[in-house]
Amino acid sequence: MKKIFLDMKNATIQKQIQTTIILVSVLSTLLLGFVSYFIFNKTLEKNYKADFQYSLETSNRIIAIQLKDILSLSRSLLTNQEVNHILTSKDVEGDSSFTGDQMKILQTELNKMVYGNSFIAEATLFDEAGRSYSIHKNLGFVSRIDKDSISQEPWFEEIKAAKGREIFFTGNVLDPETSEAVFSMGKALNDLGNKKVNGYLIVNIRRKILDEIFAYNGNIADRTNFFIIGGDGKEAYFTGEETQKETILKKYNSSMNHHNEYIFTETTNNILDWKLVSVILRKDLLGDSRIIGWEMLGILTIIIILGTLLSKLISNRIYRPLRKLSLMIHQVGKGERKLTETFNKSEIGEIGEQFKEMVNNNLELRENLLVSQVKEREAELLLMQAQINPHFLYNTLDSIYCKAIIEEEDQIAEMVENLSRMFRLSLSKGKRVVPVRDEIDHITSYMNIQNLRFNNRFLLSLDIPEKMKDMQMLKFILQPFVENAMYHGLEPKVGIGHIKVSAKIKKPYLIFKIEDDGVGMKDVSAVYKGYGVKNVSERIKLFYGEEGNVSFKSEVGVGTEVTIRLLEKGKRGDFENV
């Protein structure tokens, strides 16, 4: 695999384009085929489930209709006063059978039930004492109830626990060993007045009712099996491939393979409390999809062939401007400086045009470079001149200071001395960072000059920890805010004004506060509109990053407070070479 990628990397662009188109067409077709095949199988399974869910619901409704007639016949015994009188009376103490007259009445009523519905094979009526009477459609009167053992039967306990509700069993509870295809329904006959149990009714229903129900369903596939599971989890009915019966029932009751090998659809009959289930082998249902798979494989082969042919045509068209560009670069390598090759409007064509324009403008760029070099030299000369000018300014200020001393103009001398100190601190030999001490001296000189101008109207107090004075900070940070406080806060105020500059160390920050008791401001945001404050804030952001900032608090008639937060070190981690 690694060799294949290496070969692709070293191949020509035309070859890479051809290979890419082929790979994209193959992978796209494979993906499309896989997704289509998957969707087809899922849709087929979904349609099967929907179809057979409908079939089971239809069968369920038919069962309900058939059973309602049987239930109606059995419930008619509840309102039969003669039957209730027989079940609650005893002619002879301890008698274990009905009298002749009683048997005639019971025979009449049970015949109505047995012969009133073609699916009822047998009906048996008995009371708590074990007296019973049974009518079988084919055998007539039969004796079914064993007085001594009936109370031990689990099915009898279920009927008693149901308290008059019909209970259905998957087999013949009266004769479990019989080969007759019937299932039993049991019911306690309660007195309508006092709810006391008068007796019990067992009805054996022919399984033929289920055969006719599933035979009625017109869209049953040949490969589909149907079965019914009773409330006790046992099989009540099965139709389909008998050889698969045991496996199907085992798979159905196993949660692990419930949706793997077989596809099950089920519904519950509320009267029987039984589950109606249809099942088909997944491979039988999806057998037709294999044909689709082979057809898709054939389509894939055709697409690969067409993709190969199409890739050659497309790659040739794409590669044409690349070939022109390669030829032009080769010409430039041989010394050609005036190119006339034309390109199309594609991205590669645009690159070719730009390259051609670049080469054709090469001489102009060289001339521009010479002009830039000349201008750079001029800038170096101006810089040298700018470095000389401060010395001239210092010398001039010293001369004025000496003249003021000679003439005994002490205020002029003091102002010149402070101004000279300010210039030296501002220039600081070209350094960007200075000790905190120099920034404080700068502020002090500035305030001295202002007090000379305004006859000592302003007081300056400093609260700077001694250990901070030798620490480094970006220069010309504090003075603009002091100047702003004086002009906008103290100068409009009547009387003496006070500016306090304090500082503290709060690792890893140096925090300065400049407070005045001037006129204050309503809108603090207006401060940021001033050029000086805006300039200092931007310098702080550039040098200290987002960690450095300036904030304002002000109250009209009270004063303004400026807080400046700086890192002990710059955003690059040190102050070297700045």
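Structure: above.
Treat the numbers as computed from the prediction; the structure is a model and nothing was measured.

### Section: the overall build of the protein
- Helix and strand content of the protein: 15 helices and 17 strands.
- In the protein, the proportion of contacts linking residues at least 24 apart, taken out of those at least 6 apart, comes to 62%.
- If you sum the accessible surface of the protein, you get close to 34,300 Å²; carbon and sulfur atoms cover 55% of it.

### Here's the deal with a positive patch on the surface
- A cluster of like positive charges, contributed by Arg317, Arg320, Arg323 and Lys324, occupies part of the molecular surface.
- Summarising the element assignment, Lys324 is placed in helix H9 (residues 287-333).
- A residue is classified by how much of its surface remains accessible, and Lys324, at 32% relative accessible area, is partly exposed.

### Side note on the packing of aromatic side chains
- Scanning the model with the defined rule gives 13 aromatic pairs in all.
- Judged by centre distance (4.9 Å) and plane angle (65 degrees), the rings of Phe156 and Tyr200 are edge-to-face. Of this pair, Phe156 sits in helix H5 (residues 154-162) while Tyr200 sits in strand E6 (residues 197-206), and the two are 44 residues apart along the sequence. The pair Phe156 / Tyr200 is uniform in exposure class, with both members buried.
- In this structure an aromatic cluster arises from ring pairing among Phe227, Phe238, Tyr252, Tyr262 and Phe264.
- Taking the ring centre of Tyr509 as reference, the NZ or CZ of Arg565 above it sits at 4.4 Å.

### A few points about the sheet that holds strand E15 (residues 509-516)
- Read from one edge of the open sheet, five strands run E12-E14-E15-E17-E16, paired in mixed fashion. Each end of this open sheet is capped by a strand with a single partner; those strands are strand E12 (458-463) and strand E16 (549-555). Adjacent strand axes in the sheet meet at a mean angle of 15 degrees when their direction is disregarded.
- Here strand E14 (residues 497-506) runs beside E15; their pairing, made up of eight bridges, is antiparallel. The residue of E15 that forms the bridge with Lys504 is Ile511.

### Section: the layout of surface pockets
- Looking at the largest pocket, its volume works out to about 400 Å³.
- Lining the largest pocket are 21 residues, with Glu158, Phe168, Phe169, Thr170 and Asp232 positioned closest to its centre.
- Those elements that place two or more of their residues in the lining of the largest pocket are H5 and strand E4 (167-168).
- The leading source of residues in the lining of the largest pocket is H5, at five residues.

### So, the pairing of strand E8 (residues 235-239)
- With four bridges connecting them, strand E7 (residues 225-229) and E8 associate as antiparallel partners. Residue pairing across strands places Ile229 opposite Glu235, the latter belonging to E8.
- The turn linking E7 back onto E8 is made up of five residues, and Gly233 within it adopts a positive phi angle of 85 degrees.

### What about helix H4 (residues 100-114)?
- If you check H4, its first and last C-alpha atoms are 20 Å apart, about what 15 residues at 1.5 Å a residue would give, namely 21 Å.
- Where H4 is concerned, the buried positions are Gln102, Leu106, Glu109, Leu110, Met113 and Val114. Within H4, the buried residues cover an arc of 135 degrees as seen down the axis, which keeps them to one side. Residues of H4 that are exposed and point over 90 degrees away from its buried face: Asp101, Lys104 and Lys112.

### A closer look at the environment of Val494
- Here Val494 is to be found in the loop between helix H14 (478-490) and E14.
- Look at Val494 and you get exposed, because its relative accessible area is 80%.
- In sequence terms Val494 and Gly518 are 24 residues apart; their C-alpha atoms lie 9.1 Å from each other.

### Some thoughts on the sheet that holds E7
- One open sheet accounts for four strands, arranged E8-E7-E10-E9; its pairing is antiparallel. The sheet terminates laterally at E8 and strand E9 (262-269), the two strands that pair on one side only. When the angles between neighbouring strand axes are averaged without regard to direction, this sheet yields 15 degrees.
- Pairing between E9 and strand E10 (residues 274-281): eight bridges, direction antiparallel. Paired with Phe264 across the two strands is Val279, which belongs to E10.
- Strand contacts of helix H7 (residues 245-253): E7, E8, E9 and E10, with the helix running at about 75 degrees to E9, the strand carrying the most contacts.

Scoring rules and cut-offs
- Residues numbered from 1 in each chain as written.
- Predicted model: local features only at pLDDT ≥ 70, side-chain atom pairs only at ≥ 80, totals over all residues.
- Heavy atoms only, no water.
- Helix = DSSP H or I, 4+ residues; strand = E, 2+ residues; numbered from the N terminus.
- Contact = heavy atoms within 4.5 Å.
- Areas by Shrake-Rupley, 256 points an atom, 1.4 Å probe, with all protein chains shown as cover.
- Patch = residues over 30% accessible without salt bridge, like charges linked within 9 Å, V, L, I, M, F, W, Y side chains within 5 Å.
- Salt bridge = Lys/Arg side-chain N within 4 Å of Asp/Glu carboxyl O.
- Lys, Arg positive; Asp, Glu negative; His and termini not counted.
- Charge placed at Lys NZ, Arg CZ, Asp CG, Glu CD.
- Buried < 20%, exposed > 50% of the residue type's maximum accessible area, 1.4 Å probe, protein only.
- Phe/Tyr/Trp six-rings, centres within 6.5 Å; stacked < 30°, edge-to-face > 60°.
- Lys NZ or Arg CZ within 6 Å of the ring centre and 35° of its normal.
- Pairing = 2+ DSSP bridges.
- Axes fitted to C-alpha atoms, helices over the stretch in contact; angles between N-to-C directions.
- 1 Å grid on protein atoms, 1.4 Å probe; cavity = no way out; pocket = protein on both sides within 12 Å on 5 of 7 lines; lining within 4 Å.
- Points joined across faces, edges and corners; volume = space filled by probe spheres on them.
- Expected span 1.5 Å × (residues − 1).
- Arc of directions from axis to C-beta.

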